[in-house]
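Observations on chain architecture
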Amino acid sequence: MISESILTAQKVRLRPVEESDLTHFRRWLADDELRKWLGSLDKQPSVAEEFDWYSAKRQDPDTVLWSIDSTEGALLGNAELRISVVNRRAAVGIGIFDRDEWGKGYGTEAMRLVLDYAFGELKLNRVELATAVENVRAVRSYEKCGFVREGLLREHCLIDGQPSDSVTMAVLRSDWQAR
Amino acid sequence: MTVAGEVRLEGELVVLRPRVDDDLPLFARWHGDPDIRHWLHMSEMPNQNMEVERQRWQIARSDPTRVSLVIETLDGLPIGRPSSVGIDAAHRRAELGIAIGEKDHWGRGFGTDAIRVVLHFAFETLNLRRVELITDIDNERGIRAYEKCGFVREGVLRAKRMRYGEPLDMLMMSVLRED
């Protein structure tokens, strides 16, 4: 579903995704470098594919999706939780799509907001993710937010056609409460 | 189900054949048995009955990323099911779930044989590079069978799922094509 919650920190604001955001997402997804780290798309989605993605997310009760804005109101990317209610966990995905805005701490702040929501509002036990080990900047950001490395997944993904290891990471409710 | 088609996979102790609609009562019985259910990832879902099982099957059978098979003994008795859930074609990997639903066939090598058959199919026919699974950390019998088939431990996922309302760690394992 499209979250109705607006979450605000110093640099970023998470708000409901609007249809007008899709053009921007799609334009950024033409960037090979960005898609490489997202790991799920081998080419830029078409207008129809982007809209299908949006409507699928909107209908899925186990997904929560936000757009990430800077507090000045510039769209930066999106954030998503995919929840398993019975197991009280979620997988998280944060993407700062605008490459000019990388390295400024937006992703880290957005992740902290999503974790607060996951543990505070949704009362989950565990939030997890897996990313390519080469994605050093992201791993550093996740560790700042309290994620712990749990395992190395050998040849988990293909990046530019080459097998590449992933690191699987998670933050538990108890880690988050102790922060 | 599209990938398995009319496959018939033969091992030393078992034959794997495509799942059909008539298998429904069998699956409902296996998934409803508390001793089987104990180890299932879905054990916290509302208790299995024919209607729930039918809905799950409707989703599974039309999911092109899923292979649904039934394990039979050489004399044609259905004893369990493997399922390659979530074949990720882009990264050429799959997740394996397997259960021997007939308890009197536990500990007799049927599961191990079935896993070997599925791996052969995954690597040789589906041309995958990696097959992964997660299992309850205390599933010693399962873990032993997986290790016999070449699976390697990659990490412990803390509080990955709930069992009887309590958080439970799970073990991440995988086998690569070259293993």
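Scroll up to find the structure this text is about.
These lines cover the structure that appears in this document, whether it is placed above or below. (Residues numbered from 1 in each chain as written. Chains lettered and ligands numbered in written order. Predicted model: local features only at pLDDT ≥ 70, side-chain atom pairs only at ≥ 80, totals over all residues.)

1. Overview of the overall build of chain B
- From N to C terminus, chain B includes 5 helices and 8 strands.
- Mapped from its N terminus to its C terminus, chain B presents α and β elements in the order β-β-α-α-α-β-β-β-α-β-α-β-β.
- By the compact-globule yardstick of 16 Å for 179 residues, chain B fits well, its C-alpha radius of gyration being 15 Å.
- Counting all 179 residues of chain B, 39% fall into the buried class.
- Here the analysis covers contacts within chain B between residues at least 6 apart in sequence; of these, 56% occur between residues at least 24 apart. (Helix = DSSP H or I, 4+ residues; strand = E, 2+ residues; numbered from the N terminus. Rg over C-alpha atoms; globule rule 2.2 N^0.38 Å. Buried ≥ 20, exposed ≤ 12 C-beta atoms within 10 Å, placed from the backbone. Contact = placed C-beta atoms within 7 Å.)

2. Some remarks on the interface of chain B and chain A
- Across the boundary between the two partners, chain B contributes 21 residues, which contact 20 residues of chain A.
- At the level of elements, strand E7 (152-163) and strand E8 (166-176) of chain B are the ones that each hand at least two residues to the side of chain B that touches chain A.

3. Here we look at helix H4 (residues 106-121) of chain A
All names here are of chain A.
- With 16 residues, H4 should reach 22 Å at 1.5 Å per residue; the first-to-last C-alpha distance of 22 Å fits that figure.
- The buried count for H4 comes to 12 of 16 residues, which makes it a mostly enclosed element.
- Where H4 ends, the next residue or the one after it, Lys-123, has phi of about 55°, a positive value. (Expected span 1.5 Å × (residues − 1).)

4. With respect to the pairing of strand E7 (residues 148-159) of chain A
All names here are of chain A.
- Note that E7 and strand E8 (residues 162-172) share 8 bridges and pair antiparallel. Looking at E8, one finds that Cys-157 is bridged to Ser-164.
- In textbook terms, the turn of a hairpin is the stretch between consecutive antiparallel strands, and for E7 and E8 this stretch comprises 2 residues, one of which, Asp-160, has a positive phi near 50°. (Pairing = 2+ DSSP bridges.)

5. So, the nonpolar core
- In this structure, Ile-68, Ala-110, Val-114 and Ala-118 of chain A together with Leu-16, Ala-114 and Val-118 of chain B are the most contacted members of the largest nonpolar core, which totals 78 residues.
- Element by element, the count of residues in this core is highest for H4 of chain A, at 9 residues.
- The contact partners of Val-114 of chain A, leaving out residues within four places of it in the chain, are Ala-79, Leu-81, Val-92 and Ile-94 of chain A. (Core = buried A, V, L, I, M, F, W, Y, C linked by C-beta atoms within 7 Å.)

6. Some words on the environment of Arg-81 of chain B
All names here are of chain B.
- Here Arg-81 is to be found in strand E4 (residues 78-88).
- Classification of Arg-81 as buried rests on a count of 22 C-beta atoms within 10 Å.
- When the C-alpha positions of Arg-81 and Thr-135 are compared, they lie 16 Å apart, and in sequence the two are 54 residues distant.
- With sequence-adjacent residues up to four places away left out, Arg-81 is seen in contact with Arg-19, Phe-27, Leu-69, Val-70, Ile-71, Ala-99 and Gly-101.

7. A few points about the packing of helix H1 (residues 21-28) of chain A against helix H3 (residues 47-59) of chain A
Residues and elements named next belong to chain A.
- Here H1 crosses H3 at 120°, and the two axes come no closer than 10 Å. The angle between the axes of H1 and H3 places the two elements in the oblique class. Crossing angle aside, the handedness with which H1 passes H3 is right-handed. Along its contact with H1, which presents Leu-22, Phe-25 and Arg-26, the element H3 presents Val-47, Glu-50, Phe-51 and Tyr-54.
- For the contact of H1 with H3, a count of residues per class yields 5 nonpolar, no polar and 2 charged. (Axes fitted to C-alpha atoms, helices over the stretch in contact; angles between N-to-C directions. Parallel < 35°, antiparallel > 145°, perpendicular 65-115°, else oblique. Left-handed = near helix turned anticlockwise from the far one by under 90°. Nonpolar A, V, L, I, M, F, W, Y, C, P; charged D, E, K, R; others polar.)

8. What to know about the environment of Arg-93 of chain B
- With respect to the helices and strands, Arg-93 of chain B occurs in strand E5 (residues 93-100).
- Arg-93 of chain B sits 84 residues away from Arg-177 of chain B along the chain, and the two C-alpha atoms are 9.9 Å apart.
- Not counting residues within four places of it along the chain, the set of residues in contact with Arg-93 of chain B comprises His-156 of chain A together with Asp-88, Leu-128, Arg-129, Arg-130, Val-131 and Glu-132 of chain B.

9. Here's the deal with the packing of helix H4 (residues 110-125) of chain B against helix H5 (residues 140-148) of chain B
Residue and element names in this part refer to chain B.
- Contact geometry for H4 and H5: axes closest at 9 Å, N-to-C directions at 40°. Taken together, H4 and H5 sit at an angle that is classed as oblique. When the axes of H4 and H5 are compared, the crossing they make is right-handed. Note on element contacts: H5 touches H4 through Ala-145, Tyr-146 and Lys-148, opposite Gly-111, Thr-112 and Ile-115.
- Taken together, the residues of the contact of H4 with H5 break down into 3 nonpolar, 2 polar and 1 charged.

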